[in-house]
Amino acid sequence: MDPISYERAADVNGALRSAQEPGSMYIGGGTNLLDLMKGGVSRPMRLIDITRIGGLDTVATLPDGGLRIGALVRNTDAANHALVRERYPLLSQAFLAGASPQLRNMATVGGNLMQRTRCQYFYDTAFAQCNKRLPGSGCAALEGLNRTHAILGASPQCIAVNPSDMSVALAALDAVVRVRGPSGERAVPIGEFHRLPGARPDLDTTLQMGELILAVDLPPPLFGDHAHYLKVRDRASYAFALVSVAAALQMDGNTVKDARIALGGVAHKPWRASAAEQALNGRPLTDARLREAASAALADARAQRDNAFKIELAQRAIVRAVKQAANPASPLAADDAGGLA
Ligand code: SF4
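Cut-offs applied
- The written sequence of each chain sets the order in which its residues are numbered from 1.
- Local features in this predicted model are restricted to residues whose pLDDT is 70 or higher, and side-chain atom pairs enter the listing and the counts only when it is 80 or higher, whereas totals over whole chains, interfaces and linings include all residues.
- The basis for the side-chain values is all heavy atoms of the structure; hydrogens and waters are excluded.
- Per-residue accessibility, obtained with a 1.4 Å probe over protein chains only, is compared with the maximum for each type, and a residue is labelled buried under 20%, exposed over 50%, and partly exposed between these values.
- Helix and strand definitions here come from DSSP, where helices need a minimum of 4 consecutive H or I residues and strands a minimum of 2 consecutive E residues; each element is numbered from the N-terminal end.
- A pair of strands is considered paired only if DSSP assigns at least 2 bridges between the two.
- Between N-to-C directions, angles cover 0 to 180 degrees, with each direction set by a line fitted to C-alpha atoms, over the stretch in contact for helices.
- Our angle categories are set so that under 35 degrees counts as roughly parallel, over 145 as roughly antiparallel, 65 to 115 as roughly perpendicular, and the remainder as oblique.
- Handedness of a helix crossing follows the sense of rotation of the near helix relative to the far helix, less than a right angle counterclockwise being left-handed and clockwise being right-handed.
- When checking whether two residues touch, look at their non-hydrogen atoms; a contact exists if any pair is within 4.5 Å.
- In this count, Pro and Cys sit with the nonpolar residues alongside Ala, Val, Leu, Ile, Met, Phe, Trp and Tyr, while Asp, Glu, Lys and Arg are called charged and the others, Gly among them, polar.
- Where a domain begins and ends is set by an automatic assignment or by a domain database.
- Put simply, a residue is near a molecule or strand once any heavy atom of it comes within 4 Å of that molecule or strand.
- The definition of a polar contact used here is a pair of N or O atoms within 3.5 Å, where within protein one atom must be able to donate a hydrogen and the other to accept one, and adjacent residues in sequence count solely through side-chain atom pairs.

*Asks:* Give me the pairing of strand E6 (residues 176-181): which residues, what numbers.
*Replies:* Residues of E6 alternate between two faces, with Val177, Val179 and Gly181 buried on one and Val176, Arg178 and Arg180 left unburied on the opposite face. From the end of E6 to the start of strand E7 (residues 184-189), which pair antiparallel, there are two residues.

Right, dumping it as structure tokens:
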């Protein structure tokens, strides 16, 4: 077993200083990192426990009417916070769709942003080929079991997907991630926080060495109840998404003023379905237009051997999620695990 040193950071500056040491990693709830360490996938030499840093575990309104959720807020607390439930129901739904109650009680918002793919070849070190775990080694999933893998934005080096539900809702809401590093603080739009694999699938995010996530900022709420998070998975709970859709709408009668649609389970990052949004914006919401929009969202999709079903599934899920967002009182989504329209 490799020796690991542990220290508890008292404040952000102390954590940043400690993180300059080679082999350092921050640990919050540990719900993903400890699994990765037990499996030998992550081998930090030094763990910096950030859970006792003050001020990062609060939810507060911003002067512009938005909301700041601290990086150390637990997923359960964020999901059930009154301001999140009332003003960003999409985000609350996405939190509650993730993992299990026990994991949500431990996992932090910052950790949720940092969780790594659940590709089985990444987790199993018996497989010699995984460009994400061992850069340059190849990708076992390309010729292996790839039913759960990407249909959008993949590269010949990696076809893994991002597993987060929360991040899909954040993508639809245009959230901003606030981070601090040795050279100061910066605001990273959520669409630029996670990466596509390209030639560097070992990098999941655009975080720089030693940077610490401080909070997630949400713009002022625009969508009211016209929002729905739909997660389609192999079982009703404690499973990662085959496909998920975060849909939020501004409606004027039956006309869509502004649509926000993001997909999960389909790419290396939460996937903003911009073509679908453009197909809907400024137009009456009809079944035909919604199907056109869903088709546009998947126009560039490319299937692997086992996951062609995801292309049709994603289109159906978009149709259903947007319909439910447009008509939140409808019983359409009473069972959002199956029976897609
Ligand atoms: Fe590794 Fe990515 Fe290939 Fe999975 S899909 S085996 S994570 S390189």
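*Asks:* Mind laying out the sheet that holds strand E1 (residues 5-8), listing which residues take part and the relevant values?
*Replies:* Strand-to-strand pairing in sheets goes through backbone hydrogen bonds, with the strands running parallel or antiparallel. Overall, parallel pairing links the three strands, which are arranged E1-E3-E2 in an open sheet. Looking at strand neighbours, the two that pair on one side only are E1 and strand E2 (24-27), the edges of this open sheet. Ignoring which end each strand starts from, the neighbouring axes of this sheet average 25° apart. Both E2 and strand E3 (residues 46-49) contribute to a ladder of four bridges, which runs parallel. Bridge pairing in E3 links Met25 to Leu47.

*Asks:* Describe in detail the packing of helix H12 (residues 287-297) against helix H13 (residues 309-326), supporting the description with residues and values.
*Replies:* Running from amino to carboxyl end, H12 crosses H13 at an angle of 135°, the nearest separation of the two axes being 9 Å. The orientation of H12 relative to H13 falls into the category oblique. Handedness of the H12/H13 crossing: right-handed. Judged by residue contacts, Asp287, Leu290, Arg291, Ala294, Ser295 and Ala297 of H12 engage Gln315, Ile318, Val319, Val322 and Lys323 from H13. Among the residues making up the contact of H12 with H13, the classes are represented as six nonpolar, two polar and three charged.

*Asks:* Give a description of the domain arrangement of the protein that names residues and reports values.
*Replies:* We note that the domain assignment places domain 1 (1-49) and domain 2 (227-328) within the protein. Placing a centre on the C-alpha atoms of domain 1 and another on those of domain 2 gives a separation of 37 Å.

*Asks:* Any details on the site of the ligand? Residues and values, ideally.
*Replies:* Not every one of the 14 residues close to the ligand is listed here, only the nearest: Cys119, Cys130, Cys139, Cys158 and Ile159. If you list the elements that add at least two residues to the shell around the ligand, you get helix H8 (120-123) and helix H9 (140-143). Residue classes in the shell around the ligand are distributed as 10 nonpolar, three polar and one charged.

*Asks:* So what's going on with unusual backbone geometry? Which residues, and what values?
*Replies:* Here the phi dihedral of Ala99 falls at roughly 50°; this positive angle occurs in a residue that is not glycine. Take Ala99: it is sitting in the loop between helix H5 (89-97) and helix H6 (101-106). Positioned with a positive phi, Tyr238 is a non-glycine residue whose angle comes to about 50°.

*Asks:* Before we move on, can you summarise the sheet that holds strand E12 (residues 271-272) with the specific residues and values?
*Replies:* Overall, antiparallel pairing links the four strands, which are arranged E9-E10-E11-E12 in an open sheet. Of all the strands in the sheet, just strand E9 (227-232) and E12 have a single pairing partner and so form its edges. Pairing of strand E10 (residues 243-252) with strand E11 (residues 255-264), which is carried by nine bridges, proceeds in the antiparallel orientation. Bridge pairing in E11 places Met251 opposite Val256.

*Asks:* Which residues make up the side chain of Arg233, and what values do they have?
*Replies:* The residue Arg233 is located in the loop between E9 and E10 in this model. Within the local environment of Arg233, its side chain forms a polar contact with the backbone oxygen of Ala97, the two atoms lying 3.0 Å apart. A polar side-chain atom of Arg233 sits 3.1 Å from the main-chain carbonyl oxygen of Ala236.

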